[in-house]
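Here's the letter readout for the chains.
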Amino acid sequence: MASPRSSGQPGPPPPPPPPPARLLLLLLLPLLLLLAPGAWGWARGAPRPPPSSPPLSIMGLMPLTKEVAKGSIGRGVLPAVELAIEQIRNESLLRPYFLDLRLYDTECDNAKGLKAFYDAIKYGPNHLMVFGGVCPSVTSIIAESLQGWNLVQLSFAATTPVLADKKKYPYFFRTVPSDNAVNPAILKLLKHYQWKRVGTLTQDVQRFSEVRNDLTGVLYGEDIEISDTESFSNDPCTSVKKLKGNDVRIILGQFDQNMAAKVFCCAYEENMYGSKYQWIIPGWYEPSWWEQVHVEANSSRCLRKNLLAAMEGYIGVDFEPLSSKQIKTISGKTPQQYEREYNNKRSGVGPSKFHGYAYDGIWVIAKTLQRAMETLHASSRHQRIQDFNYTDHTLGRIILNAMNETNFFGVTGQVVFRNGERMGTIKFTQFQDSREVKVGEYNAVADTLEIINDTIRFQGSEPPKDKTIILEQLRKISLPLYSILSALTILGMIMASAFLFFNIKNRNQKLIKMSSPYMNNLIILGGMLSYASIFLFGLDGSFVSEKTFETLCTVRTWILTVGYTTAFGAMFAKTWRVHAIFKNVKMKKKIIKDQKLLVIVGGMLLIDLCILICWQAVDPLRRTVEKYSMEPDPAGRDISIRPLLEHCENTHMTIWLGIVYAYKGLLMLFGCFLAWETRNVSIPALNDSKYIGMSVYNVGIMCIIGAAVSFLTRDQPNVQFCIVALVIIFCSTITLCLVFVPKLITLRTNPDAATQNRRFQFTQNQKKEDSKTSTSVTSVNQASTSRLEGLQSENHRLRMKITELDKDLEEVTMQLQDTPEKTTYIKQNHYQELNDILNLGNYTESTDGGKAILKNHLDQNPQLQWNTTEPSRTCKDPTEDINSPEHIQRRLSLQLPILHHAYLPSIGGVDASCVSPCVSPTASPRHRHVPPSFRVMVSGL
């Protein structure tokens, strides 16, 4: 039940009291009337109107008791209301009427507030309007029923966005901006600092949820992204952590002051404060609210200094209690003059930030009633405003229309309604050094934002970014590094050019000629191609365009591949020729010309071209950009660096590289095999096996190390380029040096030693198993073509001479057949003994020794007389059997000296230049002893 102060009229009369009690009631009635100012029709402290002035009753609904938290709001605005009523009366704005404000205490309780409203209607006068409405729940209940009573309500403190629904609350107005009124101001602030990406953090309360929903609608279509929307009930830390995870830098918060302390403690723990973040929260918290909640914050292990550190720089948004403009208001006084009068009038009553809106609200009511009276006076109905009743729909509409036309400058700024909502002024405050400082204001009528000069402070050198600014930075090869490696490459190419000049200049020298100068030129060409690829590997996006870089991906691969194959292919082709000649076990003459070696190198290159062409046609190399994780800015700016790195890749990169590596690996193994097989060749000009082995070893090791390190440092282009370039430079340089430096040194010191050729020599290796002999022979060098032709001519001449000697021998033999004394018969049973004599194994080193042995043998057998004949053979002609003893004796006596003289030089005996068959072979200085193992059987001559 409402208190006597809340009711305009007493309730139903109680039963008649006994006479003494009735007498006491009559005596106390005047005193009760004095204590109930609402029953008198004016506010407390207001000057009493003259008795002849008719009142215009206004229903005042607000909490006034001290037991209610918001009762201070009602008590705090009453001085402002009294000032407004007094000034209106003094200006005779409503003459001949006066405002009769009847106050009813709602106690911020729905039931009590609704009862006070109905009691005012039932027991009070006909109220023209309702003034008040502080508590959202009570106000919304009453405002929803106003249309049935044709009453217009004006609130000075209800900011809940729910009341903005004109379909539900068509007769509700308010002089205070709603909570949603800050959203256009926030939008203006975001645009001012070009913040286009924000996040929201909302407490799970209807009031805050409605503001958040309205903000979403305001930002929609304004090119501002709400990247994350988080809400919480009790613990905001999880939501704060999610905001950080989504890289939200500008946080729009909607929560009360108790939760604000928890939010900033969580922000401190997550390091979401400082120069990179900006918090925008409600600005209607109590003054020094952080002092009231820091005890609770400490209980959550958040120290006061931590809370203040996280709060530093936050921006609060709230309506402006009083205009800061030095302009006279509708009352003829500036807002500053009014504020001084208010402070003087309230004496011991606590201030309320809504007092300016209550003051302007009384003026709005007065101006509305004035326009309504003018409308009634201009009409033909001649209706008076005091004739209003709750069923008078026409007068109710007149008052409603007059309210919508309100437009004047009050102490809170320009007072204008748009769909019942106050188009007021929104202020921005910033927390600086443990205090709130006004930094700007937003005029909703003019839609302008004014930032006070040099007041807003950001903790960085500039306003925070709305997100982590990702600066994509292409990792480039350092120009000094490229210059140094290019200089080394140029030196290598100069060295290769010097080797080429040396090779061409001395191509007719025996040493160079025997080492195949054409193949040497190809080795140099391959090295120079490998050198040239370094220049292409160092060209990246900082030097060339994307299209050019993609072309370079293919070109540098081709150049390096062809250069490698050209250099090592020519080297291995040379070695193969030496292997083919010196491993010719049949000792057949082999001539392998340079043209055949060129064909071999061309075949190797053809394989390379087939692989590269298929690679390019099926899966060509493309420019790809690899993005790496973000890195902080080295200069300390509020940006993050995202490194980008260009690569030459394709879909099946591993397969193609595997094919190329496999082919090159087989080529290297083939070279190692040839080097091993020709390691015993004793001609230095021909035998490069040692240097080939060294080259293959160095190149193989360096390529393996370089490929591994290059793969591990693919995110560091400078290191990768340095490794690749040094590997190519080292491999090419060491290969060229191993091939040409020994030749250069040999040519300068002893050119003949490297080209000395040995004669054919037969040697026996008795250490082999199964008594197998292995013959080490040296072949006529293909480079010494003229010498080979001379030897062939000499061989042919000697063969012709042997043929002539054979003819002479036959003539002598025929002559001996005609000599009688030489037809001595040799017995048949001594034939085997004669053959043993003819075996060269019984010969001594001279032919004379052989003759002496034969003579002694004949002397020991005197019966072997040349003239003796056997009866069985007397009838036969001695010439009929060429193997007869007579024939053997004749041939033996003449052919043995000749054979010894003609054939022994070919097997290491006397020189063929000895023209006299009578001279002993031992007399020749060039006579060579024939080893026993190589004696020749001449039986059957």
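Residues numbered from 1 in each chain as written. Predicted model: local features only at pLDDT ≥ 70, side-chain atom pairs only at ≥ 80, totals over all residues. Heavy atoms only, no water.

The protein chain is annotated in an unreviewed UniProt entry as Gamma-aminobutyric acid type B receptor subunit 2 of Callithrix jacchus. Of the protein chain, the UniProt comment under Subcellular location (unreviewed entry) reads exactly: "Postsynaptic cell membrane". Its UniProt record gives the protein chain the following Sequence similarities (unreviewed entry) comment, quoted word for word: "Belongs to the G-protein coupled receptor 3 family. GABA-B receptor subfamily." (UniProt positions renumbered as here; feature names shortened; annotations may be inferred.)

UniProt annotation of "transmembrane region" (unreviewed entry) refers to residues 479-502, 522-543, 555-576, 597-618, 653-676, 696-712 and 718-741 when read in the numbering used here. Helix makes up 100% of residues 597-618 and strand 0%, and the two end C-alpha atoms of the span are 32 Å apart. Secondary structure content for residues 653-676 is 100% helix and 0% strand, while the C-alpha to C-alpha distance between its ends is 34 Å. (Helix = DSSP H or I, 4+ residues; strand = E, 2+ residues; numbered from the N terminus.)

What follows deals with the nonpolar core. If you look at the biggest cluster of nonpolar residues, it comprises 104 residues, and the most contacted ones within it are Phe-131, Phe-156 and Leu-369. In terms of domain composition, this core takes at least three residues from each of domain 1 (55-178 + 330-421) and domain 2 (179-324 + 429-471). Among the nonpolar cores identified, the runner-up in size contains 51 residues, and Ala-496, Ala-570, Val-660 and Val-727 belong to it. (Core = buried A, V, L, I, M, F, W, Y, C linked by side-chain atoms within 4.5 Å. Buried < 20%, exposed > 50% of the residue type's maximum accessible area, 1.4 Å probe, protein only. Domains from an automatic or database assignment.)

Overall, the coordinates contain 30 aromatic pairs when judged by the stated rule. Taking the centre distance of 6.3 Å and the plane angle of 50° together, the rings of Phe-232 and Phe-255 count as tilted. Here Phe-232 is found in strand S7 (residues 225-232), whereas its partner Phe-255 is found in the loop between strand S8 (250-254) and helix H9 (257-269), with 23 residues between them in sequence. Just as Phe-232 is buried, Phe-255 falls in that class too. Between Tyr-285 and Trp-289, the ring centres sit 5.3 Å apart and the planes meet at 75°, which makes this aromatic pair edge-to-face. Aromatic ring contacts, followed pair by pair, group Phe-208, Phe-264, Trp-279, Trp-284, Tyr-285, Trp-289, Trp-290, Tyr-314 and Phe-431 into a single cluster. In this structure, Arg-207 packs its charged tip against the face of Trp-284, placed 4.2 Å from the ring centre. (Phe/Tyr/Trp six-rings, centres within 6.5 Å; stacked < 30°, edge-to-face > 60°. Lys NZ or Arg CZ within 6 Å of the ring centre and 35° of its normal.)

Pairing is parallel across the open sheet formed by 5 strands, whose spatial order is S2-S1-S3-S4-S5. Only two strands of the sheet have a single neighbouring strand rather than two, namely strand S2 (98-105) and strand S5 (172-174). Across the sheet, the mean angle separating the axes of adjacent strands is 25° when strand polarity is ignored. Two strands pair when backbone bridges link them, and strand S4 (residues 152-155) and S5 are joined in this way by 3 bridges, in the parallel orientation. Following the sheet pairing, Gln-153 is matched in S5 by Phe-172. (Pairing = 2+ DSSP bridges. Axes fitted to C-alpha atoms, helices over the stretch in contact; angles between N-to-C directions.)

This part covers the state of the cysteines. According to the stated counting rule, one finds 4 disulfides in the structure shown. A sulfur-sulfur separation of 1.5 Å characterises the disulfide bridge that pairs Cys-108 with Cys-135. You can see Cys-108 sitting in the loop between S2 and helix H3 (110-123) and its partner Cys-135 sitting in the loop between strand S3 (129-132) and helix H4 (136-144), a full 27 residues away along the chain. A relative accessible area of 23% places Cys-108 in the partly exposed class. Note on cysteine connectivity: Cys-265 is disulfide-linked to Cys-302, with sulfurs 2.2 Å apart. (Disulfide = S-S within 2.5 Å.)

The subject of this paragraph is empty space enclosed by the protein. Throughout the structure, instances matching the rule amount to 9 cavities of 30 Å³ or more. Roughly 130 Å³ of volume is contained in the largest cavity. Mapped by element, the contributors of at least two residues to the lining of the largest cavity are helix H6 (182-192), helix H7 (206-219), S8, strand S9 (278-282) and strand S10 (315-319). Taken together, the residues of the lining of the largest cavity sort by class into 11 nonpolar, 2 polar and 3 charged. (1 Å grid on protein atoms, 1.4 Å probe; cavity = no way out; pocket = protein on both sides within 12 Å on 5 of 7 lines; lining within 4 Å. Points joined across faces, edges and corners; volume = space filled by probe spheres on them. Nonpolar A, V, L, I, M, F, W, Y, C, P; charged D, E, K, R; others polar.)

The next thing to look at is a nonpolar patch on the surface. Judged by side-chain polarity, Ile-484, Leu-488, Ile-490, Leu-491, Ile-494 and Leu-726 come together as a nonpolar surface patch covering roughly 540 Å² of accessible area. Among the elements that make up the nonpolar patch, the one with the highest residue count is helix H15 (residues 479-505) (5 residues). Looking at Ile-484, the relative accessible area reads 53%, which means it is exposed. (Patch = residues over 30% accessible without salt bridge, like charges linked within 9 Å, V, L, I, M, F, W, Y side chains within 5 Å. Areas by Shrake-Rupley, 256 points an atom, 1.4 Å probe, with all protein chains shown as cover. Salt bridge = Lys/Arg side-chain N within 4 Å of Asp/Glu carboxyl O.)

Here we take up the pattern of salt bridges. Within the structure shown, the criterion is met by 25 salt bridges. Of the charged contacts in the structure, one is a salt bridge between Lys-191 and Glu-222, with a shortest N-O distance of 2.7 Å. Of the two residues, Lys-191 sits in helix H6 while Glu-222 sits in the loop between H7 and S7, which places them 31 residues apart along the sequence. A relative accessible area of 42% means that Lys-191 is categorised as partly exposed. Among the residues examined, Glu-222 registers a relative accessible area of 31% and is labelled partly exposed. Its salt-bridge partner being Glu-341, residue Lys-333 comes within 2.5 Å of it at the nearest N-O pair.

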